[in-house]
Amino acid sequence: MNIYQPHLMRIVEITDETVDTRTLKLEFKAPAMAREFQFCAGQFGEYSAFGEGESTFCIASSPTRQGYIECSFKSTGKVTQALRRLGVGDTVGFRGPYGNHFPIEEMKGHSVVFIAGGIGLAPVRCAIWNVLDLRDQYKDVTIVYGARTVGDLVYKRELEEWSRRADLRLCLAVDPGGETPHWKGEVARIPTAVEKAVTTAEDTYAVICGPPIMIKFTLPVLARLGFAPERIYTTLENRMKCGLGKCGRCNIGATYVCKDGPVFTAAEMGRMPQEF
Amino acid sequence: MTQRFLSHADLAALVAAHRRVIAPVRAKDDARQTDYLPIRALADAALGAALPRRSLKEFFLPPTEVLLSYRQTKEGVEIKEVPTQAQPQVILFASPCDAAALEVVDKVMDWEYRDELWFGRREATTIVGLLCSSMDSSCFCSAIGLGPDSPRGSDVLLTPVEGGYLAQVITPKGEALLAHCAAREASAAAVAQAETARQQARKKVENNAPAIPDGFAAWLEENFDHPVWRTMALRCHGCGACAGVCPTCHCFDIVDEHDSSDEGVRRRNWDSCQTAKFTLQASGHNPRQGQSERFRQRIQHKFSIYPKRFGEILCTGCGRCCRVCAGGMDLPEILGGLIALAKKGQGESGQ
Amino acid sequence: MKELQELAAKLLADGAVQVVLGYEEGPRGVRPAFITDPAQAGRLVFDARCVQNLATYLNPRRQHIVQLGKPAVVVKGCDARAIAGLVRERQIARESVVVIAVRCGGVLQRPEENAALSSETTAVRCAGCDAREPRLYDYILGELPPDPPVNASRAEQIAMLEKMTPAQRKGFWDEELSRCILCHACREACPMCFCVQCTAERALPQWIDPSPTLHASRAWQMMRVLHQAGRCVDCLECERACPEDIPLGLFARYISGAVEKRFGYKACDDPAAPAPLGVFSTEDGEEFIR
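Keep in mind that this is a model prediction, so the values were computed, not measured.

Caption draft 1: Broad picture of the overall build of chain A. The number of helices and strands found in chain A is eight helices and 15 strands. What you see for chain A is a C-alpha radius of gyration of 18 Å, in line with the 19 Å of a compact globule of 276 residues. With the C-alpha coordinates aligned to their principal axes, the bounding extent of chain A is approximately 50 × 45 × 35 Å. Counting across all 276 residues of chain A, residues that qualify as buried make up 52%. By sequence separation, contacts in chain A at least 24 residues apart represent 70% of the contacts at least 6 residues apart.

In structure tokens, the structure reads:
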């Protein structure tokens with residue numbers, strides 16, 4: 001089969017996370033695909049708005065939940081704006097799953113800290129639900145999530161749900177100036193929130209995703225806490241087109257983000273040329 | 001390797017027996033140039049002329065090709081597949097640098113996901129190479145480990161001898177091509193004549209550029225931030241003409257186009273890492289901001305990244321990039337400079 | 001040229017400029033040179049093979065050149081028109097560049113052949129040149145050579161195009177443009193194409209299909225040539241850059257000729273001269289403006 005040909009998906013649910021961020025819940029039109037499709041947390045796909053083009057997003061839902069996938073995106077360009085014009089029942093194309101994945105298996109028996117900023121929660125969310133759906137196979141679970149303002153927080157329904165669970169520690173934060181009068185979470189940037197919420201690196205993995213500047217200032221905090229660079233995982237988003245290693249666009253030095261990534265450890269990132 | 005003799009008449013008959021034959025043909029706009037184009041008879045082909053302006057790449061990865069077409073209906077979207085089987089064709093008098101390039105690009109096209117559009121055309125094509133006689137000072141095939149007589153990528157390789165050609169049969173496809181024609185056993189004289197011709201051809205290019213040394217790919221990777229990259233590409237316009245004419249450049253873009261309000265196609269088009277927007281992200285951030293970074297990527301991809309991944313240099317030394325560059329960038333000169341730095345063992349702190 | 005080499009060395013040594021953009025010998029003939037060290041000024045040459053318009057390197061988008069520092073640029077009278085254009089359109093300040101003009105006796109159409117100037121070898125754009133004695137400069141060098149032999153082939157081609165019916169002309173250009181692969185080399189090499197984001201690169205809205213089909217190539221070339229109307233300095237960098245040997249200079253010259261006839265204006269080397277499509281005055285000929 002032509003590797004560039006997408007599967008057809010039906011939009012079954014639309015959620016507006018923020019003013020410009022939307023989540024689509026998609027089901028495969030072909031019953032066989034709907035039954036058989038599998039993926040791992042961290043993998044991504046190429047989503048088509050037919051007539052406008054394809055765009056790269058991670059699969060934001062967990063592989064433990066069969067029968068559908070979700071993606072979340074900001075409407076910044078031609079394709080994402082076209083995806084935003086689609087409604088429930090409309091058709092979207094999907095190619096994937098591509099890339100590598102978070103070490104869900106390797107993390108079993110250990111503690112996990114999830115750190116995300118803004119829409120960076122989307123690529124981490126698949127791993128969070130994957131872990132929570134297998135909760136007894138992991139030790140402590142901590143989630144530190146923040147955004148510039150309350151309005152920028154995504155997956156608000158799930159943040160609610162997570163805040164009520166006794167088996168995880170949730171720390172929500174907004175930047176100074178981003179709080180509302182009723183805000184009950186922290187008022188701090190992510191690096192500071194992490195310092196407060198995370199007390200130990202012992203036997204713990206960190207999964208982090210967010211704007212480059214957030215990552216830049218959070219990594220030293222994690223280093224001070226004692227996290228080894230091999231145990232800090234992040235996901236990179238370079239400009240991708242084919243998603244399968246042929247179009248030559250996404251490489252950082254000798255690393256192809258679509259094949260060797262998009263999930264990388266901080267150690268691997270340190271070895272890459274700083275060209276991203 | 002079986003060696004046969006093909007007279008001019010034998011070859012003419014072979015051309016006549018095939019539906020689609022592509023060969024170098026004199027260009028209409030400039031008689032000094034040739035282009036690979038379909039021919040009807042052997043007499044249409046231009047011999048001993050300049051290396052064709054474009055490589056063979058476009059017969060396997062066209063400048064634009066449709067990946068699928070779609071139609072919006074009330075029920076959703078219908079996708080119409082494109083055929084991946086191609087019409088059989090013969091490429092005659094392919095330059096060895098162009099033939100070898102196809103095998104080099106095969107590696108990425110088969111990397112975990114097999115590109116059926118590329119391989120459909122590859123499988124349907126038989127390549128008859130010809131000992132190169134059009135080399136100039138921009139050629140550097142021998143520096144890459146190839147040469148004007150390289151059989152790499154050809155199914156049959158022809159060397160001109162008296163009365164016709166010595167034909168080396170290289171692959172089963174080549175054997176099948178010659179099975180139908182009256183090729184005879186080559187005489188000892190023809191074999192000797194061919195060997196002399198090959199030696200003479202090799203001598204013409206072997207001093208054009210220093211051979212790529214072992215460890216060069218690793219040196220390039222280690223010296224990603226070397227100051228030499230900052231001034232290497234000052235005269236480069238970032239136009240991407242080099243990528244267009246290059247037999248191994250294969251980077252592409254994927255776009256959708258409307259034919260009407262509810263029908264359209266998805267295409268893949270040639271693209272080049274030399275253009276500013278190649279890595280431009282929707283946020284406006286560009287990991288390769290300037291031409292020095294973009295030119296570095298070109299060299300790194302061809303001489304370090306591809307070798308690391310696939311064990312092949314993504315270049316066959318055809319020299320087209322040098323001939324076409326309006327800014328005067330010269331790859332043998334650039335490689336020579338980098339190889340000299342690598343040999344001196346100069347690292348990041350070097351001048 | 002000793003005069004040029006000595007001037008370049010002096011400007012660099014005095015710190016008046018940090019880089020001299022000139023011409024030097026390369027492996028394939030004359031090519032642009034970037035001299036930052038006064039000791040290297042001996043690399044500079046100037047002769048009939050110096051066809052490149054170095055003004056294109058003054059484009060402020062070329063960050064890695066801007067970073068070198070204040071430039072001096074070696075120009076022929078025709079190249080100076082591009083500098084005047086960049087100043088006129090506020091892309092560079094006149095004081096930001098030192099202009100070293102050289103009196104020119106014509107250049108070759110095919111510099112790689114290094115032949116003597118004749119009616120067949122002289123560049124087509126030298127025919128009718130009125131800028132051999134440059135007027136825009138900080139320094140002016142060289143003796144004024146005699147007029148070069150006239151290569152009338154382009155004038156003949158234009159006359160042929162003018163005699164064609166529109167359908168014939170379309171056939172001519174369709175044949176030439178069928179080779180266009182939309183690589184945009186013509187734009188990248190052009191000194192007057194300096195837009196940070198070209199209309200052709202816009203996705204929202206997408207004015208021009210990005211795929212190299214004939215209708216897209218037509219749209220792209222027509223748009224570029226129209227954007228160059230009255231601005232093109234006829235340096236033929238577009239034609240030299242094109243990997244498909246499309247006669248782009250012919251296309252641009254045809255439009256420039258139309259601007260000359262309609263508005264009596266030719267791209268010139270006076271930065272203060274108003275561009276015909278860039279200003280309006282109540283004396284303009286068109287009725288609708290009043």
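Caption draft 2: Focus on the overall build of chain B. Of regular secondary structure, chain B possesses eleven helices and twelve strands. Taking 20 Å as the expected radius of gyration for a compact globule of 351 residues, we find that chain B reaches 22 Å, a close match to that expectation. Principal axes of the C-alpha set define a box for chain B whose edges measure 70 × 65 × 40 Å. Every one of the 351 residues in chain B was classed for burial, and the buried ones make up 52%.

Caption draft 3: Inspection of helix α7 (residues 214-227) of chain C at higher detail. Residues and elements named next belong to chain C. In a regular helix each residue adds 1.5 Å, so 14 residues correspond to 20 Å; α7 covers 20 Å between its end C-alpha atoms and thus fits that length. Within the span of α7, buried status applies to A216, S217, W220, Q221 and R224. Down the axis of α7, the buried set is contained in an arc of 125°. They therefore lie on one face. When the buried face of α7 is taken as reference, the exposed residues oriented beyond 90 degrees from it are L214, H215 and L226.

Caption draft 4: Region of interest: the nonpolar core. Core analysis: the biggest nonpolar cluster contains 261 residues, and V144 of chain A together with V73 and I83 of chain C have the highest contact counts within it. Examining the composition of this core, we find that nine residues originate from one element, helix α2 (residues 96-109) of chain B, more than from any other. In contact with V144 of chain A, other than residues within four places in its own chain, are V113, I115, C171, I190, A193, V194, A197 and V198 of chain A.

Caption draft 5: Just the interface of chain B and chain C, in detail. Taken together, the contact pairs 34 residues of chain B with 27 residues of chain C. Those elements giving two or more residues to the side of chain B that touches chain C turn out to be α8 (241-245), β11 (252-258), β12 (263-270), α9 (291-310), α10 (320-324) and α11 (331-344) of chain B. Looking at the side of chain B that touches chain C residue by residue, the class counts come to eleven nonpolar, 14 polar and nine charged.

Caption draft 6: Fine view of unusual backbone geometry. Omega for the bond connecting G96 of chain A with P97 of chain A falls within 30 degrees of zero, at 0°, which places this linkage in the cis form. Cis rather than trans, the peptide bond between L204 of chain C and P205 of chain C has omega equal to -10°. Here P205 of chain C lies in the loop between α6 (185-189) and α7. Unusually for a residue other than glycine, D203 of chain A sits at a positive phi of about 55°. Tracing the chain through its elements places D203 of chain A in the loop between α5 (190-197) and β11 (204-209).

Caption draft 7: Seen up close, the packing of helix α4 (residues 153-163) of chain C against helix α9 (residues 248-263) of chain C. Residue and element names in this part refer to chain C. Interaxial distance between α4 and α9 falls to 11 Å at its minimum, and their mutual angle equals 70°. One finds that α4 runs roughly perpendicular with respect to α9. On α9, the residues touching R154, Q157, I158 and L161 of α4 are L250, R253, Y254 and G257.

Caption draft 8: Region of interest: the domain arrangement of chain B. Residue and element names in this part refer to chain B. Each assigned domain of chain B is listed here: domain 1 (2-205) and domain 2 (216-344). Computed from C-alpha coordinates alone, the two centres of domain 1 and domain 2 are separated by 25 Å. Across the boundary between the two partners, domain 1 contributes 32 residues, which contact 27 residues of domain 2. Looking at the side of domain 1 that touches domain 2, the elements that each hand over two or more residues are β4 (64-73) and α2.

Caption draft 9: Quick peek at the sheet that holds β4 of chain B. All names here are of chain B. Taking strand neighbours across the sheet as the criterion, the four strands line up as β5-β4-β12-β11 in an open arrangement whose pairing is antiparallel. If you trace the sheet from one side to the other, it starts and ends with β5 (76-81) and β11, each paired once. Shown here is a sheet whose adjacent strand axes are inclined to one another by a mean of 25°, direction ignored. With seven bridges joining them, β4 and β12 adopt antiparallel strand pairing. Its bridge partner being in β12, E65 is matched across the sheet by R268.

Caption draft 10: Looking closely at the confidence of the model for chain B. Residues and elements named next belong to chain B. Of the residues in chain B, 98% reach a pLDDT of 70 or more, and the chain-wide mean stands at 93. Here strand β10 (residues 184-185) is the element of chain B with the lowest mean pLDDT, 87, and α2 is the one with the highest, 98. At the level of chain-chain contacts, confidence expressed as ipTM amounts to 0.91, with global pTM at 0.93.

Caption draft 11: Representation of the sheet that holds strand β2 (residues 21-28) of chain A. Residues and elements named next belong to chain A. The strand order across the open sheet built from six strands is β4-β3-β6-β1-β2-β5, with neighbouring strands paired in antiparallel fashion. Edge strands, defined here as strands with exactly one partner in the open sheet, are β4 (53-58) and β5 (69-74). For this sheet, the mean angle separating the axes of adjacent strands, direction not counted, is 40°. Relative to β2, strand β1 (residues 7-16) is paired through seven bridges, and the arrangement is antiparallel. Directly across from E13, in β2, lies its bridge partner K25.

Caption draft 12: Representation of the pairing of strand β6 (residues 91-98) of chain A. Residue and element names in this part refer to chain A. Where burial is concerned, most of β6 is hidden: seven out of the eight residues are buried. Direction of pairing for β1 relative to β6: antiparallel, over a ladder of four bridges. The partner of M9 across the bridge, within β6, is V92. Of the pairings in the sheet, the one linking strand β3 (residues 44-49) to β6 comprises four bridges and is antiparallel in character. For E46, the partnering residue across the bridge sits in β6 and is R95.

Caption draft 13: Geometry of the domain arrangement of chain A. Residue and element names in this part refer to chain A. Here chain A is described as being made up of domain 1 (7-98) and domain 2 (111-235). Here the C-alpha centre of domain 2 lies 24 Å away from the C-alpha centre of domain 1. With 15 residues of domain 1 at the contact, the number on the domain 2 side is 15 residues. A class-by-class count of the residues in the side of domain 1 that touches domain 2 yields six nonpolar, seven polar and two charged.

Caption draft 14: Inspection of the packing of α7 of chain C against α9 of chain C at higher detail. Residues and elements named next belong to chain C. Two elements in contact, α7 and α9, have axes whose closest approach is 9 Å; the angle formed by their N-to-C orientations is 45°. Between α7 and α9, the interaxial angle falls into the category oblique. Considering the relative orientation of α7 and α9, their crossing is right-handed. Where α7 approaches α9, its residues Q221, V225 and L226 are matched on the opposing element by F251, A252 and I255. Of the residues assigned to the contact of α7 with α9, the class counts are five nonpolar, one polar and no charged.

Caption draft 15: Summary view of the environment of R10 of chain A. All names here are of chain A. Along the chain, R10 turns up in strand β1. With 17 C-beta atoms counted inside 10 Å, the residue R10 sits in the partly exposed group. Considering only alpha carbons, one finds R10 and K29, 19 residues apart in sequence, at a separation of 6.2 Å. If sequence neighbours within four positions are ignored, R10 has contacts with L26, E27, K29, G89 and T91.

Thresholds, definitions, all that
- Residues numbered from 1 in each chain as written.
- Chains lettered and ligands numbered in written order.
- Predicted model: local features only at pLDDT ≥ 70, side-chain atom pairs only at ≥ 80, totals over all residues.
- Helix = DSSP H or I, 4+ residues; strand = E, 2+ residues; numbered from the N terminus.
- Rg over C-alpha atoms; globule rule 2.2 N^0.38 Å.
- Buried ≥ 20, exposed ≤ 12 C-beta atoms within 10 Å, placed from the backbone.
- Contact = placed C-beta atoms within 7 Å.
- Expected span 1.5 Å × (residues − 1).
- Arc of directions from axis to C-beta.
- Core = buried A, V, L, I, M, F, W, Y, C linked by C-beta atoms within 7 Å.
- Nonpolar A, V, L, I, M, F, W, Y, C, P; charged D, E, K, R; others polar.
- Axes fitted to C-alpha atoms, helices over the stretch in contact; angles between N-to-C directions.
- Parallel < 35°, antiparallel > 145°, perpendicular 65-115°, else oblique.
- Domains from an automatic or database assignment.
- Pairing = 2+ DSSP bridges.
- pLDDT = per-residue confidence, 0-100.
- Left-handed = near helix turned anticlockwise from the far one by under 90°.

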